[in-house]
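One letter stands for each residue in the lines below.
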Amino acid sequence: MPRPKKFWAMIDASRSEAFLAARLYNDPAEARAFEGFVVHMHLAYLYLLHAVFARDDIDFRYWRRDLPRRLEKVDGEPKCWELARCAAERWPRTDPVRSNVEFFIALRNKIEHRYASRSQLSLQAALGGFAQAHLLNYEEELVAQFGPQATLATSLRFPVFIGSFTDPGEATLLRLRAALPAQLKTFMAEYHSGLADEIVNDRRYELRLRLVNELVPRDPEALAVQFTRYDDMTEDQKSAVETLGRKGLVVVREQRRGVVNLELMKPNRVVQEVAAELPFIFHRAHFIKAWQKLEVRPCVGSEHPERTDERYCLYDEMHKDYGYTKAFVNKLVRRLKTAKGWREFFGEEPRYKESGDGSGGLAAV
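About the criteria used
- Residues numbered from 1 in each chain as written.
- Predicted model: local features only at pLDDT ≥ 70, side-chain atom pairs only at ≥ 80, totals over all residues.
- Heavy atoms only, no water.
- Pairing = 2+ DSSP bridges.
- Helix = DSSP H or I, 4+ residues; strand = E, 2+ residues; numbered from the N terminus.
- Axes fitted to C-alpha atoms, helices over the stretch in contact; angles between N-to-C directions.
- Parallel < 35°, antiparallel > 145°, perpendicular 65-115°, else oblique.
- Contact = heavy atoms within 4.5 Å.
- Nonpolar A, V, L, I, M, F, W, Y, C, P; charged D, E, K, R; others polar.
- Phe/Tyr/Trp six-rings, centres within 6.5 Å; stacked < 30°, edge-to-face > 60°.
- Buried < 20%, exposed > 50% of the residue type's maximum accessible area, 1.4 Å probe, protein only.
- Polar contact = N/O pair within 3.5 Å; in protein donor to acceptor, adjacent residues only side chain to side chain.
- pLDDT = per-residue confidence, 0-100.
- Salt bridge = Lys/Arg side-chain N within 4 Å of Asp/Glu carboxyl O.
- Core = buried A, V, L, I, M, F, W, Y, C linked by side-chain atoms within 4.5 Å.

Turning to the pairing of strand β6 (residues 321-324), a few remarks are in order. Remember that side chains alternate between the two faces of the sheet whenever the strand is regular. Across four bridges, strand β5 (residues 313-316) lies against β6 in antiparallel orientation. Across the sheet, the residue bridging to leucine 314 is glycine 323, located in β6. Here β5 hands over to β6 after four residues, with lysine 320 in that stretch at a positive phi of 55°.

Here it is as structure tokens:
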């Protein structure tokens, strides 16, 4: 029997770190769950990329500049590339996977040993989509490089969770996200502002999930939880999903009925959600200036109130008012999350607010 390749030991170590990261994240009794996830996924990616380089005969050791034929050493061992260098070698600068990895590298330096358990809950509530993308990207890279025998899917499962299936649960998660320390909000805003929209909106950078609870006939061949990629859907299915994202659906037994305006928000809700994501004071007057500047709807008294930008706003003929989409909230947050962006948009200096210091389950691959 041939001896296993040396890099398989690195893969085993990498997978062990990823398993530990997911276990910590999903453990409700773990006080520093998010910090543990970030640290152990950092090691999982590092060992994985080292394994890729070892397999491909890429020298990932540092050589001394003063003596180019000698290796740099730390405690007598050759110094190898850190994760930031590995990511730069593996993915181009504009790749969403690299942006996600680099976000967590920077975040690790911010959160390690600095924030109490309540802040950890706020981090989970605010960054769950980034963490999910981080794990899924790792799984895709692992399987793409070393085949299906390396997958984590045989060991990780979708967690049993409550999340935001109840209104009080959703409200609690929103409060936790809003309680993120101001320093971390500023860091996140500054990091995201340097990225192109196509990266920010890519699922490999931040994964956003909509869960629909369905009652379906029992199928012994089906899994309890199944994922369907958007790119694998038919055009009709994509259209249905986009409608769901804008208006929502309610599931009643085997029937699915459209619910008008389910996902649309009134002005006060928009102000609350935008304000929760910014390190600055954002109020109703800012909201009015924003929809006027972006021309998402006609002015009051217009003869054609229905002429809105449907990506961000829809007119309700029955109630003679407007509803605003989550996409509008996201757009405002992206534009206003840095002092520079605020000044460019409003032409004035932002006013910083004070912040205090929470949790969803991380779905396994």
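Running from amino to carboxyl end, helix α11 (residues 284-294) crosses helix α12 (residues 326-336) at an angle of 95°, the nearest separation of the two axes being 12 Å. In terms of their interaxial angle, α11 and α12 are classed as roughly perpendicular. Of the residues in α12, those touching α11 at Phe287, Ala290, Trp291 and Leu294 are Phe328, Lys331, Leu332 and Arg335. A per-class count over the contact of α11 with α12 returns six nonpolar, no polar and two charged.

A few words on the packing of aromatic side chains. Ring pairs (aromatic) are described by centroid distance and by the angle formed between their planes. A complete count under the given rule lists 24 aromatic pairs for this structure. Ring centres of phenylalanine 53 and phenylalanine 60 lie 6.3 Å apart, and the angle between their planes is 45°; on these two criteria the pair is classed as tilted. With respect to burial, phenylalanine 53 and phenylalanine 60 carry one shared label: buried. An aromatic cluster is present here, built from Tyr25, Phe34, Phe37, Phe103, Phe104, Phe130, Tyr191 and Tyr205 joined pairwise through their rings.

Moving on, we come to the environment of glycine 128. Turning to its location among the elements, glycine 128 is positioned in helix α5 (residues 117-146). Note: C-alpha distance between glycine 128 and arginine 208 (80 residues apart in sequence) is 8.8 Å. If we ignore the near neighbours within four places in the chain, the residues touching glycine 128 are Tyr25 and Leu123.

For histidine 50, the position within the fold is in helix α2 (residues 33-55). By relative accessible area, histidine 50 is classed as buried at 10%. Here tryptophan 81 takes part through its backbone oxygen, which lies 3.0 Å from a polar atom of the side chain of histidine 50.

Further remarks concern the confidence of the model for the chain. Model confidence for the chain is summarised by a mean pLDDT of 79, while 73% of its residues fall at 70 or above. Within the model, the stretch residues 247-259 combines pLDDT values under 50 with 25 contacts to residues more than four positions away or in other chains. Throughout residues 355-365 the model reports pLDDT below 50, and contacts reaching past four residues in sequence, or to other chains, amount to 53 contacts.

Now for the pattern of salt bridges. Within this structure, the stated rule accounts for 14 salt bridges. Residues arginine 61 and aspartate 59 are paired through a salt bridge, measuring 2.9 Å at the closest nitrogen-oxygen approach. Its relative accessible area of 33% is what places arginine 61 among the partly exposed residues. Since its relative accessible area comes to 35%, aspartate 59 is described here as partly exposed. Note that arginine 311 and aspartate 309 form a salt bridge whose closest N and O atoms lie 2.8 Å from each other.

The subject of this paragraph is unusual backbone geometry. Most of the time, phi is negative for any residue but glycine, and the peptide bond is trans. Not every positive phi belongs to a glycine, and aspartate 75 is a case in point at roughly 55°. Inspection of the secondary structure puts aspartate 75 in the loop between β1 (73-74) and β2 (77-78). Its identity as a non-glycine residue notwithstanding, glutamate 295 has a phi of 55°, on the positive side. The exposed category is assigned to glutamate 295, whose relative accessible area is 64%.

By size, the foremost hydrophobic cluster in this structure holds 50 residues, and its most contacted members are Phe34, Met41, Phe103, Phe104, Leu107, Leu127 and Tyr138. Listed by contribution, the elements that provide at least two residues to this core are α1 (7-25), α2, α3 (83-90), α4 (96-111), α5, α7 (182-193) and α8 (197-200). It is α2 that provides the largest number of residues to this core, a total of twelve residues. With residues near it in sequence (within four places) discarded, phenylalanine 103 still touches Leu127, Phe130, Phe187, Met188, Tyr191, His192 and Tyr205. The next biggest cluster of nonpolar side chains, apart from the first, holds 26 residues, and it includes Phe282, Tyr312, Val333 and Phe346.

Looking now at the environment of histidine 42. Topologically, histidine 42 is positioned in helix α2. What makes histidine 42 buried here is its relative accessible area of 12%. Counting along the chain gives 62 residues from histidine 42 to phenylalanine 104, while the straight-line C-alpha distance between them is 7.8 Å. In this structure, histidine 42 is in contact with Leu83, Ile105 and Arg108, ignoring residues within four places of it in sequence. A polar side-chain atom of histidine 42 sits 3.1 Å from a polar atom in the side chain of arginine 108.

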